[in-house]
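Inside the fold
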Amino acid sequence: MELLELKGISKEYRSGKGAVKALSDINLSVKRGEFVSIMGPSGSGKSTLLNVIGCLDRPSAGEYFLDGMKVDRVSDDKLSEIRNRYIGFVFQNFHLLQGLDALGNVELPLIYRGIGSAERKRRAKEALDAVGLSDRIHHRPSELSGGEQQRVAIARALVQEPLLVLADEPTGSLDSRTGRAIMELFQKLNTERGITVVMVTHDRDMARYGRRIVRLLDGRIKEEEFIG
Ligand code: ADP
Ligand code: ADP
């Protein structure tokens, strides 16, 4: 069963000086349980593609199906509901709130969903346990290493039990050893929990933790490589 299906997706940005075509005729299918890496030079459309997949941005043309639902033309409210229900996001710079400890950061998405305190804490602790941070739950981001902060961010994505995790350069701020540990964590979540992962990276070594590499050039898919 396809979790993601993009058919003829294009994205144009209009500005004062004219239009920039960020994506042209993208056809891409991702099945449940896949781990896909997206590579390509700066400006090739990687972030735009991830934003479209993550329902943060809409395509200018083409069709997008997420878990069989056609999502390219739904309302903004419906789009954010779909996002909250299906997708966890992980960013290069972690995007943690500095005033909250690890537990507080991981609980946040559940607060927005109106889940009560005891249940929130239970689920947040479970997510922090899954990323190996049981002994750091009361540390604030400034008291954690980069790799630990990224683990908190991954726990925050996991606590919503997403079908899909989207990661934009998740190792871009980490040294390579820590980056590899984060990739091993994504791999574990993918194989043990069946979470579908789509990740953008510049780093070929990191990309190879995925089972398929999609290469973009000038807004088009240039090639796909399957990792044995
Ligand atoms: P990366 O994908 O390498 O992390 P970004 O997605 O932030 O970097 O930016 C990629 C390219 O898109 C850059 O050339 C940047 O200048 C351009 N860009 C990003 N956001 C905008 C914007 N709002 N308006 C114009 N150009 C943008
Ligand atoms: P990448 O992530 O591969 O660096 P992007 O998806 O950020 O590439 O950008 C693809 C193209 O779209 C680039 O030419 C970039 O300048 C342009 N672009 C990205 N975001 C915007 C935006 N918000 N407004 C205008 N142009 C943008």
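Residues numbered from 1 in each chain as written. Chains lettered and ligands numbered in written order. Predicted model: local features only at pLDDT ≥ 70, side-chain atom pairs only at ≥ 80, totals over all residues. Heavy atoms only, no water.

An unreviewed UniProt entry annotates the protein as Putative ABC transporter ATP-binding protein YknY originating from Fervidicola ferrireducens.

Digging into the overall build of the protein
The condition that has to hold: Think of it this way: any DSSP run of H or I at least four residues long counts as a helix, any run of E at least two long counts as a strand, and we number them from the N terminus. The atom set for the radius of gyration is the C-alpha atoms, and the globule formula is 2.2 Å times the number of residues raised to the power 0.38. The rule is simple: take the accessible area with a 1.4 Å probe, protein chains only, and divide by the maximum for that residue type; under 20% is buried, over 50% is exposed, in between is partly exposed. In this description, contact between two residues means that some pair of their heavy atoms is separated by no more than 4.5 Å. Accessibility throughout is a Shrake-Rupley quantity obtained with a 1.4 Å probe, and a residue counts as covered only by protein chains that appear here.
Summing up its helical and strand segments, the protein has seven helices and 10 strands in all. The C-alpha radius of gyration computed for the protein amounts to 17 Å, which stays within 12% of the reference 17 Å derived for 228 residues, consistent with globular compactness. Buried residues in the protein amount to 50% of all 228 residues. For the protein, long-range pairs separated by at least 24 residues make up 67% of all intrachain contacts whose partners lie at least 6 apart in sequence. Accessible surface, the protein: about 10,800 Å² in total, of which carbon and sulfur atoms supply 47%.

Focus on the side chain of E169
Heads up, the condition is: Counting rule applied: Lys, Arg positive; Asp, Glu negative; His and chain ends not counted. Salt bridges are defined as contacts in which a side-chain nitrogen from Lys or Arg sits within 4 Å of a carboxyl oxygen from Asp or Glu. Polar contacts here mean pairs of N or O atoms no more than 3.5 Å apart (in protein, one a potential hydrogen donor and the other a potential acceptor; neighbouring residues in sequence count only if both atoms are side-chain atoms).
With respect to the helices, strands and loops of the structure, E169 is situated in the loop between β7 (164-168) and α6 (176-193). It is K46 that comes nearest to the buried, bridge-free E169 among opposite-charge side chains, at 5.4 Å. In terms of polar contacts, E169 uses its side chain to reach the side chain of H202, at 2.3 Å.

Let's talk about unusual backbone geometry
In this model, D67 sits at a positive phi of 50°, which is unusual for a non-glycine residue. Structurally, D67 can be placed in the loop between β4 (61-66) and β5 (69-70). Unlike most non-glycine residues, H95 shows phi in positive territory, near 55°. Relative to the assigned elements, H95 resides in the loop between β6 (87-90) and α3 (102-112).

Considering the site of ligand 2
Heads up, the rule is: Throughout this document, a residue counts as near a molecule or strand when at least one of its heavy atoms sits within 4 Å of that molecule or strand. Put simply, Ala, Val, Leu, Ile, Met, Phe, Trp, Tyr, Cys and Pro go in the nonpolar bin, Asp, Glu, Lys and Arg in the charged bin, and everything else, Gly too, in the polar bin.
Surveying the vicinity of ligand 2 reveals the residues Y13, V20, A22, P41, S42, G43, S44, G45, K46, S47 and T48. In the environment of ligand 2, an oxygen atom lies 2.5 Å from a nitrogen or oxygen atom belonging to the side chain of T48. Protein contact buries 60% of the 560 Å² of open area that ligand 2 shows by itself. The leading source of residues in the shell around ligand 2 is helix α1 (residues 46-53), at three residues. A class-by-class count of the residues in the shell around ligand 2 yields four nonpolar, six polar and one charged.

Topic: the environment of S134
With respect to the helices and strands, S134 occurs in the loop between α4 (117-130) and α5 (146-158). Once the C-alpha coordinates of S134 and G99 are considered, the two residues, 35 residues apart in sequence, prove to be 19 Å apart. Within the structure, the side chain of S134 is placed 2.7 Å from the side chain of D129, a separation counted as a polar contact.

Some thoughts on the sheet that holds strand β2 (residues 18-31)
Worth spelling out the cut-off: Here, any two strands with at least 2 DSSP bridges between them count as paired. A fitted line through C-alpha atoms represents every axis, and for helices the fit uses only the stretch in contact; the resulting angles, taken between N-to-C directions, go from 0 to 180 degrees.
Across the sheet, four strands lie side by side as β2-β1-β4-β5; this open sheet has antiparallel pairing. Each edge of the open sheet is held by one strand with a lone partner, namely β2 and β5. Here strand β1 (residues 2-15) pairs with β4 via five bridges, running antiparallel. The residue of β4 that forms the bridge with L6 is Y64. Seen against the sheet, α1 touches β1, β2 and β4 and runs at an angle of roughly 125° to β1.

Let's talk about empty space enclosed by the protein
As a reminder, the rule being used: Each cavity reported here is a set of points on a 1 Å grid over the protein atoms alone in which a 1.4 Å probe fits but cannot get out, each pocket an open set with protein on both sides within 12 Å along at least five of seven lines, and each lining residue one with an atom within 4 Å of a point. Grid points are joined across faces, edges and corners, and a volume is the space filled by probe spheres set on the points.
Per the stated rule, a full pass over the model turns up one cavity of 30 Å³ or more. A volume near 30 Å³ is recorded for the largest cavity. Forming the walls of the largest cavity are V52, C55, D57, R58, P59, Y64, V71, D72 and L79. Its residues assigned to classes, the lining of the largest cavity shows six nonpolar, no polar and three charged.

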